[in-house]
Structures are given as C-alpha cells and as structure tokens.
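This is what each chain is made of:
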Amino acid sequence: MKIAYSPCPNDTFVFHAWSHGLVAGAPALEVTYADIDITNHWAIRGEGPDVLKISYAALPWVLERYALLPCGGALGRGCGPLVLTSGKLSDGGRLTDPAMLTGKRVAVPSERSTAYLLFRLWAAQQVPGEIGEIVIMPFHQIMPAVRDGLVDAGLVIHEARFTYPDYGLTLLADMGSWWESDTGLPIPLGAIIARRSLDAAALANWTRASVEYAWSHPEASQSYVMEHAQEMSPDVAQAHIELYVNSYTANLGESGYGAIESLLQRAAEEGLVPQFNPQLLRSF
C-alpha cells in the first residue's frame, strides 16, 4: 500500500511500526516522504498515494474523495503555530501590538494549511484593517527572512516553536493559545486521509496499532526518526514527538471532531475554504 507522510518526527514515530512490518495483519507500506504542502495539493488534485497526511485545512477540498481517519494525525493543545517578528518593522517602527501588522508583509508556509487558517481567523479579530502582503515560502526559510528584514513577520510551525530564540526573534502571538482561549477546543493540525474506495476502518485499526506500538516501544523508532529528522537534534526531535503525539493521535474523540468542525466552519464563513458537508468528517 502506498502512503505519503512528512519526514517530521511525529509522523515517523507514528508510522514506524507499520512501515517496518510490526503491525500484525497490516499490508506492507511503500512510503513517500513529502512536505504537507505537497500532499495537500496531491489530495486536492486526487493524485498521489491512496493514504496521505494532509493539513486539516485542506479537508473541505477533498472530503468527497477521501475519508478522514480518526487516528494518526496531529491535534492537541499547546502546539499551535506562532507569529514571530524581529521586534522591528521595515519602516523602523517597533512591533508591540498585533495592530502593527496592518499593511505589513507576513511570510506563511502555505495558504492551504491549518496554520494559515488560524492566522487569518486570529488576524480578523486582532488586526484592524488588512494584513499587507502574504508571502508564501518554505517553512525553514521563514525565520531567516524575518531576522533579515525581508518580511515584517512570519508564521512558523513544527520545531520552530523551540528554535526561534536562536534567530533572535520575538513571539508576537501564539495561534494555538488564542484558539484554545477563544474556543476551549484543541488545535487541529495534520490529518490522515484515505481514498473512500479503501477499507477506512481497517486502515484506522492498523494506524492505531502503529501508534500504540510506538508508545509501548519508544526506543524502537529512534533511529528511523533521526534518519529523517533533517539535522534536528535528538532533544528537539523528542520534544516534537511529545508535543504532537498524544491521545488525539490514537482517537480524535468528540472534542477532536468538534475542533475540526469549528475550525473549518469558521474558515468557510470567512471565505477561506469552500463550504462542505460536515457529515463527511465522520463517514465511517
């Protein structure tokens, strides 16, 4: 079976057991490692492997063709994207208030990401007027761009939560903290989806078994995780896993589904995603 997920530690930790033949009865996996922006576009075009890790923000475009699995993804608390600045603006002003983003250039990793939806929903509340230019760039280029003054602020994800002080950057806002205080719900980040022609219930069982194996044998996945960790230190990789792999990874549950529905319905009301049938989120 062909599957695509990112080389990030949370994904390699979750799928280590299945990809290494350690999940009883599960088919062998042929893994493609791809950034989530790539898998988002594959899913939207109906291309690529039958099972994909995508952003929850991309679900409204793909729900007719793909089922959401209730496990294997990234959803939690205290793990949201961050808006960072250098503490200064390109016009020489000091950034002390979200209102200072009005008319400014902000780098984001994708316009089809949960991070971007959270940022736009936050900005609609907190930034008067309009954000200036949205600049899309690979997430690993965003912090250097902010540091070097190429953009006024950057929306960052993944391990940047732990490393942004190394770039001398300042935290303007935590999108996850805002979302949790505004809704009381966890933060939906990455989803596992499968083509509706497949047995989604069986895929969910195998995925959950892989998660449970990872928790029961944490040392087993270490070399696999670090092999794909993109020069990340072991401590940062472990912090990444602890932040993004949690009870929601094993089972979305009612609060998980509620968070996904709330995010996507709000985004649809703002015109950021298409209208969608929420019943398709729980299709098996």
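Residues numbered from 1 in each chain as written. Predicted model: local features only at pLDDT ≥ 70, side-chain atom pairs only at ≥ 80, totals over all residues. Heavy atoms only, no water.

Caption draft 1: Region of the structure containing the packing of aromatic side chains. Applying the stated criterion across every chain yields a total of six aromatic pairs. With centroids separated by 6.4 Å and ring planes inclined at 40 degrees, the aromatic side chains of F15 and W18 adopt a geometry described as tilted. Separated by three residues within a single helix, F15 and W18 lie in helix α1 (residues 9-19), roughly one turn from each other. Judged on exposure class, the residue F15 and its partner W18 are both buried. Both rings, one in W178 and one in W179, keep their centres 6.3 Å apart while their planes meet at 55 degrees; by these two values the pair is tilted. Accessibility expressed as a relative area gives 9% for W178, which makes it buried. An aromatic cluster of at least three residues, connected via ring pairs, comprises Y5, F15, W18, Y33 and W206. Note that R112 overlies the ring of W61, its terminal NZ or CZ placed 4.0 Å from the centroid. (Phe/Tyr/Trp six-rings, centres within 6.5 Å; stacked < 30°, edge-to-face > 60°. Helix = DSSP H or I, 4+ residues; strand = E, 2+ residues; numbered from the N terminus. Buried < 20%, exposed > 50% of the residue type's maximum accessible area, 1.4 Å probe, protein only. Lys NZ or Arg CZ within 6 Å of the ring centre and 35° of its normal.)

Caption draft 2: The arrangement of the side chain of H240 in detail. Structurally, the position occupied by H240 is in helix α10 (residues 234-244). If sequence neighbours within four positions are ignored, H240 has contacts with C8, P9, N10, H158, E159 and F162. (Contact = heavy atoms within 4.5 Å.)

Caption draft 3: Representation of the sheet that holds strand β7 (residues 106-108) within the structure. With mixed pairing, five strands are arranged side by side in an open sheet as β8-β7-β9-β6-β10. For this open sheet the edge positions go to β8 (134-136) and β10 (170-174), each flanked by a neighbour on one side alone. Here the strands of the sheet are splayed against their neighbours by 30 degrees on average, with no regard to which way each runs. With three bridges connecting them, β7 and β8 associate as parallel partners. For A107, the partnering residue across the bridge sits in β8 and is V135. Set on the sheet, helix α5 (residues 139-147) makes contact with β6 (82-85), β7 and β9 (153-156); between it and β9 the angle comes to about 160 degrees. Lying on the sheet, helix α7 (residues 175-183) is in contact with β6, β9 and β10; it crosses β10 at an angle near 25 degrees. (Pairing = 2+ DSSP bridges. Axes fitted to C-alpha atoms, helices over the stretch in contact; angles between N-to-C directions.)

Caption draft 4: The pairing of strand β1 (residues 2-5), seen in detail. Bridge analysis of β1 against strand β2 (residues 30-33) gives four bridges, and the strand direction is parallel. The residue bridging Y5 from the neighbouring strand is Y33, located in β2. In this fold, the crossover linking β1 to β2 by way of α1 has right-handed handedness. Where β1 meets strand β3 (residues 51-55), two bridges bridge the pair, whose relative direction is parallel. Note on β3: the bridge partner recorded for A4 is L52. (Right-handed = clockwise from strand over helix to strand, strands pointing away.)

Caption draft 5: Main features of the pattern of salt bridges. In this structure the tally under the stated criterion is nine salt bridges. Across the salt bridge formed by R45 and E47, the nearest N and O atoms sit 3.0 Å from each other. In this structure, the salt-bridge partner of D148 is R147, at a minimum N-O distance of 2.9 Å. Residue class for D148 comes out partly exposed when judged on its relative accessible area of 48%. (Salt bridge = Lys/Arg side-chain N within 4 Å of Asp/Glu carboxyl O.)

Caption draft 6: Representation of the nonpolar core in the model. Of all hydrophobic cores here, the largest spans 60 residues; its most connected members are I54, L59, L68, V83, L101, W122 and I260. Among the elements that line this core, the one with the most residues is helix α4 (residues 114-126), at eight residues. Not counting residues up to four positions away in its chain, the partners in contact with I54 are I36, T39, N40, A43, L59, V62, L189, G190, A191 and I193. Membership of the second largest hydrophobic core comes to 28 residues, among which are A194, V211, A237 and A250. (Core = buried A, V, L, I, M, F, W, Y, C linked by side-chain atoms within 4.5 Å.)

Caption draft 7: Region of the structure containing the confidence of the model for the chain. Predicted confidence across the chain gives a mean pLDDT of 91, with 96% of residues reaching 70 or more. β1 holds the highest mean pLDDT among the elements of the chain, 98, whereas helix α6 (residues 160-163) holds the lowest, 79. (pLDDT = per-residue confidence, 0-100.)

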